[in-house]
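Spelled out from the first residue to the last, the chains are:
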Amino acid sequence: MTADEEKLRIFETDPCGMVGFYDAENFKGVEYSRGNCTLPNQCTCLCKQAYDAKLCNEFGGEYCNVPFQDQLYSYRNVLAPNELFGTRTCFSGYEGLVDENDRFITCHLTIYEPTYLVRNSVPLITWGIIIFVIGTCSYLYLSRKLHRRHTLAKIERRRTRRSSEIAGGARNAMLYKMYTDSKKDQSKML
């Protein structure tokens, strides 16, 4: 990640705590580095919050959080160069490289803590697609139904107009006949 001689020296002398490269962190009122060297080539990395099955069953809530594993890793990369997904029960803290016995030999990487949108992106995408499909189907159904109602109303208006024209035409024909008959009667009287 770096070619800086000083950073390389700090990493080689203290791969667990990385003091001098990263500042000590205040956690629950105590200053901590990223980790401690417990044996040669073995680190104990700082874990701020971890999953605990007993506490999860008893209290729930934040005790039920597990390390985030991105289901969409093949489509996106949410990790910064100095981050990784938690590999054990720790979901907030630091981890690093492990040896063949699965023990940490560095604590130089930060465990990725996702935002709400990143953590819940699969359900949000799923619900978004479902709502979009239902909305599209509802729109098409309602637009067809309204179009049909509008067409039927137009047909009914035409039908009533024609029937009134026919009735009006018959009335006009009858009035015309009466008018012509009265003219004939008047001409006979003269």
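Residues numbered from 1 in each chain as written. Predicted model: local features only at pLDDT ≥ 70, side-chain atom pairs only at ≥ 80, totals over all residues. Heavy atoms only, no water.

1. Brief notes about a nonpolar patch on the surface
Together, Ile125, Ile129, Phe132 and Val133 make up a nonpolar patch on the protein surface, roughly 410 Å² of accessible area in all. For Ile125, the position within the fold is in helix α4 (residues 121–189). (Patch = residues over 30% accessible without salt bridge, like charges linked within 9 Å, V, L, I, M, F, W, Y side chains within 5 Å. Areas by Shrake-Rupley, 256 points an atom, 1.4 Å probe, with all protein chains shown as cover. Salt bridge = Lys/Arg side-chain N within 4 Å of Asp/Glu carboxyl O. Helix = DSSP H or I, 4+ residues; strand = E, 2+ residues; numbered from the N terminus.)

2. Side note on unusual backbone geometry
Located in the positive-phi region is Asn41, a residue other than glycine, with phi close to 60°. Structurally, Asn41 can be placed in the loop between β3 (35–39) and β4 (42–45). For Asp102, which is not a glycine, the phi torsion comes out positive at approximately 65°. Its relative accessible area of 47% is what places Asp102 among the partly exposed residues. (Buried < 20%, exposed > 50% of the residue type's maximum accessible area, 1.4 Å probe, protein only.)

3. Let's talk about the packing of aromatic side chains
Under the criterion given, the structure shown has four aromatic pairs. A centroid spacing of 6.0 Å and a plane angle of 50° characterise the contact between Phe68 and Tyr112, whose relative ring orientation is tilted. Of the two residues, Phe68 is situated in the loop between α2 (53–58) and β6 (83–84) and Tyr112 in the loop between β8 (109–111) and α3 (116–119); the sequence distance between them amounts to 44 residues. You can call Tyr112 buried: its relative accessible area is 10%. With 6.1 Å between their ring centres and 80° between their planes, Phe85 and Tyr112 make a pair best called edge-to-face. Of this pair, Phe85 sits in the loop between β6 and β7 (90–95) while Tyr112 sits in the loop between β8 and α3, and the two are 27 residues apart along the sequence. The two residues Phe85 and Tyr112 agree in class, both being buried. One aromatic cluster is present, formed by Phe68, Phe85 and Tyr112 through successive ring pairs. (Phe/Tyr/Trp six-rings, centres within 6.5 Å; stacked < 30°, edge-to-face > 60°.)

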